[in-house]
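This is what each chain is made of:
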Amino acid sequence: MIEIIGVRFRSGGKQYYFDPCGITVESGQGVIIETARGIEYGECVQGNTMVEDEKVVQPLRPLIRVATEEDIKNLTRNQEKERRAFQICQQKILNHKLEMKLVDVEYNFEGSKILFFFTAEGRVDFRALVKDLASVFHTRIELRQIGVRDEAKMMGGLGICGRPFCCASFMDDFQPVSIKMAKTQNLSLNPTKISGTCGRLMCCLKYEQGAYEDAVRRCPKQESFVETPDGVGTVSAVDLLREQVKVRLEDSNDAPKSYHNCEICVVRSGKGKRPEGYEPPPAEELEKRRWVELKSEPEWEDEKSASPSALSAALEAVLTHKDEKAPQPRRERRTGESRPHPRRKKPTGEEKPEKSVRPEGTAATGKKKPRPPRAKPAAQQQAAPPKKEGGNGQQQASHRFPYHRRRRRNGGTKPPQEPPKE
């Protein structure tokens, strides 16, 4: 096992392993490392990790230091120089009338070398261009020709799927893509539909190729002579993703019928003549090829509903208990609108609750009209004590409860009566 760190020089570029030299580096930090081109600045994408010796190409280049603020400023100055060098080089290309397209300019970290990337259809004689650039920048100049795929990786952009380019996002190396993959996946061979922004076949054709190749082995070819539950016929179309085929039956003039791959039996693969002396099996034997899983599915559903699992039983019990405790809806008024229940004000220690007395002859909506108080006998009316005057000169009212109520409140004892004064 050996300790390494993963470093990437540009966004979407390839990841390289370097020796940390005992320095702890976290992912996302800038580092200064030694490369074959000299000292370079890179971004750490994988911290200190132990890997097997077979996965590392010896010897590993060492890590010099973690990037400081001065290194970040130097990197910013180099980026400004790159923009200026790009404009100057474009003007020089127009002056020399060269058939080349400038893609990117890159300064090394020390500023001792400038690297120009360009694309061209063929070979270009740029010797005079190099001399003019060297006279302007007074440093080492290198021009490198790249392909259209490398150009798309360096420039970046959005594909027809709406996502960033795969090559500029996560792909380290380009994978070979052929037109045979588009044929295997039953795609349209129109170049505008299966080509990427770079003009080459899309890299995503490689992703699902393995699944399509596996499905092709299980499904029959077109124009194959097969046996189906409804008779014999010829395959007219194949759906690899659903593993279904359409068959034109010999004894029927209707449209082709769809069958699952497990329902058919191939008698002749591909185009060719019908086998000599072939006789189709009886209908009862062909009917046995029907997909039995579709017939057993309702029985499985009945069995599942007859014996519910413990989880479904517990859920049903919780819902039933919740429905029992659900609050009953309030009684609606005659107008059909819900009437909220008013909260009563709790009396404090100093205040006493006042009892509201409804005037005679009035009644609340939706309630019974109160009965009038009973009339007292003549003897009781005469025996009633006269009203007394209070200390403040105001006349105090007698008790509002009638005599028979006051009697019940006193425990059934009748107070002694004074004889009326003559």
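Keep in mind that this is a model prediction, so the values were computed, not measured. (Residues numbered from 1 in each chain as written. Predicted model: local features only at pLDDT ≥ 70, side-chain atom pairs only at ≥ 80, totals over all residues. Heavy atoms only, no water.)

### Some details on the overall build of the protein chain
Where we set the bar: Helix and strand definitions follow DSSP, with helices as H or I runs of at least four residues and strands as E runs of at least two, each counted in order from the N terminus. Per-residue accessibility, obtained with a 1.4 Å probe over protein chains only, is compared with the maximum for each type, and a residue is labelled buried under 20%, exposed over 50%, and partly exposed between these values. Residue contacts follow a heavy-atom distance rule, with two residues in contact if any of their heavy atoms lie within 4.5 Å. With residues, only the protein chains shown are counted as cover, and all accessible areas are computed by Shrake-Rupley using a 1.4 Å probe.
Looking only at helices and strands, the protein chain has twelve helices and 13 strands in total. Per-residue burial over the protein chain gives 26% buried out of 422 residues. By sequence separation, contacts in the protein chain at least 24 residues apart represent 56% of the contacts at least 6 residues apart. Counting only carbon and sulfur atoms, one obtains 50% of the accessible surface of the protein chain, whose full area is about 32300 Å².

### Considering the layout of surface pockets
To keep things clear, this is the line we draw: Cavities and pockets were defined on a 1 Å grid built over protein atoms only: a cavity is a set of grid points that admits a 1.4 Å probe from which the probe cannot escape, a pocket is an open set flanked by protein on both sides within 12 Å along at least five of seven lines, and lining residues are those with an atom within 4 Å of any such point. Grid points are joined across faces, edges and corners, and a volume is the space filled by probe spheres set on the points.
Put simply, the largest pocket is a space of about 1400 Å³. Lining the largest pocket are 45 residues, with F9, R10, Y16, R37 and E106 sitting closest to its centre. Secondary structure elements with two or more residues in the lining of the largest pocket: strand 2 (15-18), strand 4 (38-51), helix 1 (69-96), strand 6 (101-107), strand 7 (113-119) and helix 3 (148-155).

### Points about the sheet that holds strand 10 (residues 231-239)
Our working rule: Any two strands with at least two DSSP bridges between them are considered paired. Helix axes are fitted only over the stretch in contact, all axes being lines through C-alpha atoms; the angle between N-to-C directions runs from 0 to 180 degrees.
If you walk across this open sheet you meet the five strands as 12-11-10-9-13, and the pairing is antiparallel. Of all the strands in the sheet, the pair left with one neighbour each is strand 12 (257-260) and strand 13 (265-268). This sheet shows a mean twist of 45 degrees between the axes of neighbouring strands, independent of strand direction. Across three bridges, the pairing between strand 9 (residues 225-228) and strand 13 is antiparallel. Counted as the bridge partner of V226 is V266 from strand 13.

### Points about helix 1
Defined as follows: To estimate the expected span of a helix, count its residues, drop one, and scale the result by 1.5 Å.
The terminal C-alpha atoms of helix 1, which comprises 28 residues, lie 41 Å apart, in line with the 40 Å expected from a rise of 1.5 Å per residue. What helix 1 keeps buried is the set D71, N74, N78, E82, A85, I88, C89 and I93. The secondary structure elements touched by the buried residues of helix 1 are strand 3 (30-35), strand 5 (63-66), strand 6, strand 7 and helix 2 (127-137).

### Regarding the sheet that holds strand 1 (residues 2-8)
Consider a sheet: its strands pair through backbone hydrogen bonds, and that pairing is either parallel or antiparallel. Taken together, the five strands give an open sheet; going across it, the order is 2-1-4-3-5, and neighbouring strands pair in antiparallel fashion. Either end of the sheet is taken by a strand with one partner, and the two such strands are strand 2 and strand 5. On average, each strand axis in the sheet is tilted by 45 degrees relative to the strand beside it, whichever way the strands run. Strand direction decides the pairing type here: strand 3 and strand 4, joined by six bridges, are antiparallel. Bridge pairing in strand 4 links I32 to Y41.

### Comments concerning the nonpolar core
The following threshold applies: What we call a nonpolar core is a set of buried Ala, Val, Leu, Ile, Met, Phe, Trp, Tyr and Cys residues that are connected through their side-chain atoms within 4.5 Å.
Ranked by internal contacts, the top residues of the largest apolar core, which has 17 residues, are M100, I114, F116, L133, F137, I141 and L143. Going through the elements one at a time, helix 1, strand 6, strand 7, helix 2 and strand 8 (140-145) are the ones with two or more residues in this core. Excluding anything up to four places from it in sequence, M100 contacts I93, F118, T119, A120, V124, L129 and L143. Counting residues in hydrophobic clusters, the runner-up holds twelve residues, among them Y212, C219, V235 and L249.

### Structural notes on empty space enclosed by the protein
Stated formally: Nonpolar residues are Ala, Val, Leu, Ile, Met, Phe, Trp, Tyr, Cys and Pro. Charged residues are Asp, Glu, Lys and Arg, and all others, Gly as well, are polar.
Scanning the model with the defined rule gives two cavities of 30 Å³ or more in all. Here the largest cavity defines a volume of roughly 70 Å³. Within the residue set of the lining of the largest cavity, elements represented by two or more residues are strand 6 and strand 7. In the lining of the largest cavity, the residues fall into three nonpolar, one polar and four charged.

### Observations regarding the pattern of salt bridges
For side chains of opposite charge, pairing can occur when their charged atoms come near one another. So the rule is basically this: A carboxyl oxygen of Asp or Glu within 4 Å of a side-chain nitrogen of Lys or Arg is what we treat as a salt bridge.
This model, assessed by the stated rule, comprises eleven salt bridges. Between R65 and D71 there is a salt bridge whose closest N-O contact spans 3.0 Å. On the basis of relative accessibility, which here comes to 33%, the residue R65 falls in the partly exposed class. A salt bridge links E223 to R248; the nearest nitrogen and oxygen atoms lie 3.9 Å apart. Of this pair, E223 sits in the loop between helix 7 (209-218) and strand 9 while R248 sits in strand 11 (residues 244-249); the two residues are 25 residues apart in sequence, bridging distant segments of the chain. If you follow the salt bridges from partner to partner, you end up with D214, R217, R218 and E243 in one network.

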